[in-house]
Amino acid sequence: MAVAELYTQYNRVWIPDPEEVWKSAEIATDYRVGDKVLRLLLEDGTELDYSVNPESLPPLRNPDILVGENDLTALSYLHEPAVLHNLRIRFAESKLIYTYSGIILVAMNPYKQLPIYGDAIIHAYSGQNMGDMDPHIFAVAEEAYKQMARNNRNQSIIVSGESGAGKTVSARYAMRYFATVSKSGSNAHVEDKVLASNPITEAVGNAKTTRNDNSSRFGKYTEISFDEQNQIIGANMRTYLLEKSRVVFQSENERNYHIFYQLCASAQQSEFKHLKLGSAEEFNYTRMGGNTVIEGVNDRAEMVETQKTFTLLGFKEDFQMDIFKILAAILHLGNVQITAVGNERSSVSEDDSHLKVFCELLGLESGSVAQWLCNRKIVTSSETVVKPMTRPQAVNARDALAKKIYAHLFDFIVERINQALQFSGKQHTFIGVLDIYGFETFDVNSFEQFCINYANEKLQQQFNMHVFKLEQEEYMKEDIPWTLIDFYDNQPVIDLIEAKMGILELLDEECLLPHGTDENWLQKLYNNFVNKNPLFEKPRMSNTSFVIQHFADKVEYKCEGFLEKNRDTVYDMLVEILRASKFHLCANFFQENPAPLSPFGSMITVKSAKQVIKPNSKHFRTTVGSKFRSSLYLLMETLNATTPHYVRCIKPNDEKLPFEFDSKRIVQQLRACGVLETIRISAQSYPSRWTYIEFYSRYGILMTKQELSFSDKKEVCKAVLHRLIQDSNQYQFGKTKIFFRAGQVAYLEKLRLDKLRQSCVVIQKHIRGWLQRKKFLRERRAALIIQRYFRGQQTVRKAITAVALKEAWAAIIIQKHCRGYLVRNLYQLICVATITIQAYTRGFLARRRYRKMLEEHKAVILQKYARAWLARRRFQSIRRFVLNIQLTYRVQRLQKKLEDQNKENHGLVEKLTSLAALRAGDVEKIQKLEAELERAAAHRRSYEEKGKRYRDAVEEKLAKLQKHNSELETQKDQIQLKLQEKTEELKEKMDNLTKQLFDDVQKEERQRMLLEKSFELKTQDYEKQIQSLKEVIKALKDDKTQLQQLVEEEHVTSDGLKAEVARLSKQAKTISEFEKEIQLLQAQKIDVEKHVQSQKREMREKMSEITKQLLESYDIEDVRSRLSMEDLEHLNEDGELWFAYEGLKKATRVLESHFQSQKECYEKEIEALNFKVVHLSQEINHLQKLFREENDINESIRLEVTRLTSENMKCFRNLLTQKAISVLTPHSCGHHPFL
């Protein structure tokens, strides 16, 4: 179908409008190809000839059914005016602030408190799918939480938008949702701490701007950590690009950071007296904007809340006071007066009161601070020069110092918050909430806007890739042929900024030069990119600016201040002074190699689209642009590793009016935040998607009778579409949905509307014909009545004469008397009849009352029996229910016992394996003992040989002693002969010598005898020891034979145990089979119970139907009408009713007997199940008994092995003792003094 065919009469289009951006108009005449003008009818009734050409027809308006859709991508025509109109209808008319745009949640700031964020709303969205309820920030949070819990994958919620669009509030509500739905049972109150971090960061990082009273002046990514139970266990916060320039400068009607005003408002309190603060109007850094108060905000009360949140996070009062001291010092530093001394110098008085307070709070020397605020030190290779600064330079140095101190303080507070939110356990998953600035363009754009827009380019690229991926997954899931969609890729802009020789690298390179200026850097940009890169332009009327074509819009940046803001440097001497501060917190801020205060270390590497050469300069790596690029790269890595969810906050107007819709501002933001890009990507493929059921119910009016005769609705939808839309490329059939190209749903709506219009014309034709016929018949009847009365009047006038009057009078008199007579007769007849009727009636009523009494009496009897039967049935059902519960409980207990038995079986098997291991160890020990016995026997043989050699040696020594003795005797005789031959003079001497010699011989003889006796005693001892060793060896041999017998018995028992283990393992398998049988029996039991209950219900329904039929079969009025009066008088009512009642009882007894037989059958099946359960329990007891017996056998074996081991150890110790004695005895004899 050609697009031009949709431009027919009564269809509506959108045309541009300077005030409302887009204006609606209705087509007055059909458009034909080739027409230069399209005749339109505006909403105010004026006609307009709109110039058109076939290639650029005005966008069509969606049908009314699609107006106000929850999801913008559900619109048939996806373009800018359709989106804008849908948002206007939802926001301005329906007062709905949330709308989906595919995977994006568009949030309009209502500038009004709405009752849609309570705990009841949170619980209402908890557990719901994203499309089941109206769009809401809680729906996005629930979707992220659900995907995290279901897929165990980290999630991210990316909240972006202009200042004042409601980003901070949306992020706060998302975090509150997570804290509510994932509360943990611990007493740590982690959720409260996570929420408490927001007021602190808002106090030190938010400020009043012209667009927002609580504008976040930094980006923040909060990771909320969850454990395996999906409960919050902690959090971590990362910050990006704090607006430090706000500390020293604020535009008109803006304020500094909230914490300064809170501190000044609380200056008169006792704990803040030592800070020597006053009102905010007294300090330069807080009064620049001209207005220090926010309407409706109490800064003193906010200070109390800030202190409470500090305390909740575990920050003590001393820590809080250290922070307040640094903040007060910054305020006093801003009031330090710098006076000009000529044109080249400046000075600061050491008596300046604010300088003294600044130095007192930070523990500095006022003289050094005063000197180096107005001078700077230049170090060259040959000398060091102190150069004075002019007053503007000194003011810039002072402001740079204040910004540096505040930046360090901000990072320190964020670090301490992260420490307070740390957790000891292991993080399972996390959900990150990114609250970051949106695309910004102002009248004057500087370095901050450049970094912000650079970050949004990266986020937009990630967003485009994610949307493209989701679109592809949707088509693949529905088996739709996938063709490549051309979408805007902003990689060239990112390359222009971050690639080699890009804007950031050139900026860092210029920062390295000693005399680098903004103008030189801008000239390098002109030389490298003008007329070479289509995304970079030079303004015609300016030589100090450059223009970049971002994805959202062109932005003109002023180069002034780029280098200074990128360097972000403070003069070295001021840093040295602060590094030597006596105030420990201030000194830690300016250490040379401090621990990183942010999550981003110096080891982060950034991968750009093109290769970037990393320079060697340390200063280059520490520029603001380099650090921001590194942190942005880490953020992109984190987001790419998570599943993102997008929230785009829109500011509806700049006047902060509730529910006021400014079309120009909203279109500008929609273009900047990527909503229209999402719609454009969707529109290029198949944006409209209907399920087969929805299509069938909506367009059933377009289906023919032949098509409706199909049973499969899917085939009906396919047949209808093939007939209505000839071009099959305009739609695709998925598994569950039909995909339409843009405009096809509107075409179907047009066909449906035409069909309805034709039907309405037919209905109107018939209704109008019926109304006209009805009107004609009514007028015809009225005319006939008028004619009848007119003709009657004429006849009466003609018939009135004197004779006629007399005759008429006479007739009246006759009629009077005749009628009186007839009336009197009739009255008498009526009286008689009335009396007769009354008599019969009263009799009939009496009889009917009597019969009613009888019926009520019989009904009471029936009720009595029926209620008794119901009571018995209720009792039986309760008893069966109790029996079922008991059976279920017993089966559960048996299952539990089976599980316990399985555990015990496993334990016994483990014990058997351990006993087998012990037995193997004992066998090894026995083998070791046998080896030791063999070694002992070898030692014994060696000892016997040594004893034999020792006896031989002793005998040799005795022989030598005897020979020596004989020699001594011969010597004695010779000496005696010689003595006799001597002279008598020497006789006395010889006698004396002989006597002495004789004494020595006797002494030696005694010693010899003693040695012989000791040798005999030792020999006897050795023989006894040898005999005892022989006995010990014999006993060891006996023990060895016994041990061998025991080992053989253990082999036999181990074989038996192995067989028993095999049998037990088989029985364990049978136990699992028994468990399966029990489960099967339980399932059969449940099925039987369900069958019994269904049959009970069927019997109950049959009983009620039979009773109802029996009662209805005896219609008293019908019987009475068919009987005569005599039959009624002679009717035996009791007998007839008794027969009916007996028949009813017989039917009841038949049903009861049938039910009883089925009950007995079911009870037999239940008994069989119980018998199987008892049999299984007996089997389990038998297995337990076998395991206990095996355990006893194993225990006895273990005791016997222990006993044998202890006896072997005793024998071994005895052998060692005897060995030691045998070794020591010859050693002691070998050292005898005589030997």
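Counting from 1, residues in each chain are numbered in the order their sequence is written. Residue-level local features of this predicted model are given only where pLDDT is at least 70; pairs of side-chain atoms are given and counted only at 80 or more, and the full residue set underlies all totals for whole chains, interfaces and linings. Excluded from the side-chain calculations are hydrogens and water; all other atoms, namely the structure's heavy atoms, are used.

1. Overview of the pattern of salt bridges
When their charged atoms lie close together, side chains carrying opposite charge are able to pair. The condition is simple: Just to be clear on terms, a salt bridge is a Lys or Arg side-chain nitrogen sitting within 4 Å of an Asp or Glu carboxyl oxygen. Runs of H or I in DSSP of at least four residues are treated as helices and runs of E of at least two as strands, each being numbered from the N terminus. Between buried and exposed lies partly exposed: a residue is buried under 20% and exposed over 50% of the maximum accessible area for its type, with that area taken using a 1.4 Å probe on protein chains only.
Tallied over the full model, the rule gives 29 salt bridges. The closest approach of N and O atoms between Arg665 and Glu162, which form a salt bridge, is 2.6 Å. Here the residue Arg665 occupies a position in helix H22 (residues 663-673), and Glu162 occupies one in the loop between strand E7 (155-161) and helix H4 (167-181), the gap between them amounting to 503 residues. By relative accessible area, Arg665 is classed as buried at 10%.

2. Quick word on the environment of Asn520
For the record, the criterion: The contact criterion used throughout is that any non-hydrogen atoms of two residues lie within 4.5 Å. We define a polar contact as two N or O atoms separated by no more than 3.5 Å, with the added condition that, inside protein, one atom must be a possible hydrogen donor and the other a possible acceptor, whereas residues neighbouring each other in sequence contribute only through side-chain atom pairs.
Turning to its location among the elements, Asn520 is positioned in helix H16 (residues 518-529). With 13 residues separating them in the primary sequence, Asn520 and Leu507 have C-alpha atoms 9.9 Å apart. Setting aside chain neighbours within four positions, we find Asn520 in contact with Glu510 and His515. A polar atom in the side chain of Asn520 sits 3.1 Å from the side chain of Thr517.

3. Some points on H16
Given 3.6 residues per helical turn, the α-helix brings residues three or four places apart onto the same face. Selection criterion: Helix span, expected: 1.5 Å multiplied by one less than the number of residues in the helix. When we speak of the arc, we mean the arc of directions from the helix axis to the C-beta atoms.
Between its first and last C-alpha atoms H16 spans 16 Å; for twelve residues at 1.5 Å apiece the expected length is 16 Å, and the two agree. Regarding H16, the residues found buried are Asp518, Trp521, Leu522, Leu525, Tyr526 and Phe529. The buried side chains of H16 occupy one side of the element, clustering within an arc of 145 degrees when seen end-on. Looking at the buried positions of H16, the neighbouring elements they touch are helix H14 (491-498), helix H15 (503-512), strand E17 (536-537), strand E18 (545-549) and helix H17 (562-567). Once H16 finishes, Asn531 follows within two positions and takes phi at roughly 65 degrees, a positive value.

4. Quick word on a nonpolar patch on the surface
Stated precisely, the cut-off is as follows: Exposure above 30% relative accessible area and no salt bridge define the residues that can form patches, which grow by joining like charges within 9 Å and nonpolar side chains of Val, Leu, Ile, Met, Phe, Trp and Tyr within 5 Å. Accessible areas in this description were obtained via Shrake-Rupley with a 1.4 Å probe; residue shielding takes into account the shown protein chains only.
Residues Ile763, Ile767, Trp770 and Leu771 make up a contiguous nonpolar surface patch of about 400 Å² in total accessible area. Mapped onto the fold, Leu771 is located in helix H27 (residues 744-799).

5. With respect to the sheet that holds strand E3 (residues 37-42)
Where we set the bar: What makes two strands pair is DSSP finding at least two bridges between them. What counts as an axis is a line fitted to C-alpha atoms, over the stretch in contact for a helix, and the angles between N-to-C directions run from 0 to 180 degrees.
As summarised here, the arrangement of the four strands in space is E1-E2-E3-E4, forming an open sheet in which the pairing is antiparallel. Unpaired on one side and paired on the other, strand E1 (12-17) and strand E4 (47-51) mark the two borders of the sheet. Each strand axis lies, on average, 50 degrees off the axis of its neighbour in the sheet, ignoring direction. Here strand E2 (residues 21-27) runs beside E3; their pairing, made up of three bridges, is antiparallel. Within the sheet, the bridge partner assigned to Ala25 lies in E3 and is Leu42. On the sheet, helix H1 (residues 80-93) packs against E1 and E2 and is oriented at approximately 100 degrees with respect to E2.

6. Overview of the side chain of Glu243
On the secondary structure map, Glu243 appears in the loop between strand E11 (232-240) and helix H6 (258-265). When its relative accessible area of 17% is taken as the criterion, Glu243 is described as buried. There is a polar contact of 2.5 Å between the side chain of Glu243 and the side chain of Arg217. Excluding its chain neighbours within four sequence positions, the residues that come into contact with Glu243 are Arg217 and Tyr257.

7. A look at the sheet that holds E18
Strand order in the open sheet formed by three strands is E17-E18-E19, with antiparallel pairing between adjacent strands. Taken across any chain shown, the strands that pair with only one partner, and hence form the sheet edges, are E17 and strand E19 (554-558). Of the strand pairs in this sheet, E18 and E19 are connected by five bridges, and their pairing is antiparallel. Paired with Phe546 across the strands is Tyr557, a residue of E19. Taken strand by strand, H16 contacts E17 and E18, and its axis lies near 45 degrees from that of E18.

8. Thoughts on empty space enclosed by the protein
In plain terms, the rule: Site definitions follow a grid-based scheme: protein atoms alone, a 1 Å grid, a 1.4 Å probe that fits but cannot get out for cavities, and for pockets an open set with protein on both sides within 12 Å along at least five of seven lines, plus lining residues having an atom within 4 Å of a point. Grid points are joined across faces, edges and corners, and a volume is the space filled by probe spheres set on the points. Ten residues, namely Ala, Val, Leu, Ile, Met, Phe, Trp, Tyr, Cys and Pro, are considered nonpolar, four, namely Asp, Glu, Lys and Arg, are considered charged, and the remaining ones, Gly among them, are considered polar.
Applying the stated criterion across every chain yields a total of nine cavities of 30 Å³ or more. What the largest cavity holds in volume is close to 150 Å³. Every residue lining the largest cavity is counted, 15 residues in all, and those nearest its centre are Gly438, Phe439, Asn456, Ala672 and Cys673. Of the residues contributing to the lining of the largest cavity, the split by class is seven nonpolar, six polar and two charged.

9. Observations regarding the side chain of Glu478
The topology assignment puts Glu478 in the loop between helix H13 (447-477) and H14. A distance of 2.7 Å separates the side chain of Glu478 from the backbone nitrogen of Lys735, its partner in a polar contact. A polar atom in the side chain of Glu478 sits 2.6 Å from the side chain of Thr736. Discounting residues that sit within four places of it in the chain, Glu478 has contacts with Phe733, Gly734, Lys735, Thr736, Lys737 and Phe739.

10. A look at the pairing of E18
Counting buried positions over the five residues of E18 gives four, a clear majority of the element. Taken together, the two bridges between E17 and E18 define a ladder with antiparallel strand orientation. From the neighbouring strand, Phe536 faces E18, where its bridge partner is Ile548. Hairpin geometry of E18 and E19 is characterised by an intervening segment of four residues between the two adjacent antiparallel strands.

11. Focus: the pairing of E7
A regular strand places its side chains so that they alternate between the two faces of the sheet. Within E7, seven of the seven residues are buried, leaving the element largely enclosed by the surrounding structure. In this sheet, strand E16 (residues 429-437) lies alongside E7 in parallel orientation, the contact comprising seven bridges. The residue of E16 that forms the bridge with Ile158 is Leu434. Here seven bridges tie E7 to strand E20 (residues 643-650), and the two strands are oriented parallel to one another. Across the sheet, the residue bridging to Ile158 is Tyr646, located in E20.

12. A closer look at helix H26 (residues 713-724)
Its twelve residues place the ends of H26 16 Å apart at the C-alpha level, agreeing with the 16 Å of an ideal helix rising 1.5 Å per residue. The set of residues buried in H26 consists of Val716, Cys717, Val720, Leu721 and Leu724. The buried side chains of H26 occupy one side of the element, clustering within an arc of 125 degrees when seen end-on. Buried-residue contacts for H26 involve helix H24 (692-698), helix H25 (705-708), strand E22 (731-733), strand E23 (737-740) and H27.

13. Remarks on the packing of helix H5 (residues 190-205) against helix H8 (residues 299-312)
Formally: Every angle not falling under 35 degrees, over 145, or within 65 to 115 is termed oblique; those three ranges are roughly parallel, roughly antiparallel and roughly perpendicular. It is the rotation of the near helix from the far one that decides the hand of a crossing: anticlockwise by less than a right angle makes it left-handed, clockwise makes it right-handed.
It is the contact of H5 with H8, at a shortest axis distance of 9 Å, that shows an interaxial angle of 135 degrees. The orientation of H5 relative to H8 falls into the category oblique. Every pair of crossing elements has a handedness; the one defined by H5 and H8 is left-handed. Touching Asp192, Lys193, Ala196, Pro199, Ile200 and Ala203 of H5 are Thr306, Thr309, Phe310 and Leu312, all from H8. Per-class residue counts for the contact of H5 with H8 are six nonpolar, two polar and two charged.

14. A short note on the packing of aromatic side chains
In plain terms, the rule: Under the pairing criterion, centres of Phe, Tyr and Trp rings, with the six-membered ring standing for Trp, must be within 6.5 Å; the plane angle then separates stacked pairs below 30 degrees from edge-to-face pairs above 60, leaving the rest tilted. Charge-over-ring contacts are defined here by two conditions on Lys NZ or Arg CZ: a distance within 6 Å of the ring centre and an angle within 35 degrees of the ring normal.
Counted under the stated rule, the structure contains 31 aromatic pairs. Members of the aromatic cluster, connected to one another through ring pairs, are Phe447, Phe450, Trp521, Phe529, Phe536, Phe546, Tyr557 and Phe562. Above the plane of the ring of Phe463 lies Arg648, whose end atom (NZ or CZ) is 5.2 Å from the centre.

15. Some remarks on the packing of H5 against H6
Axis separation between H5 and H6 bottoms out at 5 Å; the angle between their running directions is 90 degrees. Regarding the angle of H5 to H6, the classification is roughly perpendicular. Between H5 and H6, the residues in contact are Glu202, Ala203 and Val204 and His258, Ile259 and Gln262, respectively. Here the residues of the contact of H5 with H6 are counted per class, giving three nonpolar, two polar and one charged.

16. Brief notes about unusual backbone geometry
The backbone phi angle of Tyr111 is positive, close to 50 degrees, even though this residue is not glycine. As for its position among the elements, Tyr111 is in the loop between strand E6 (104-108) and helix H2 (119-125).

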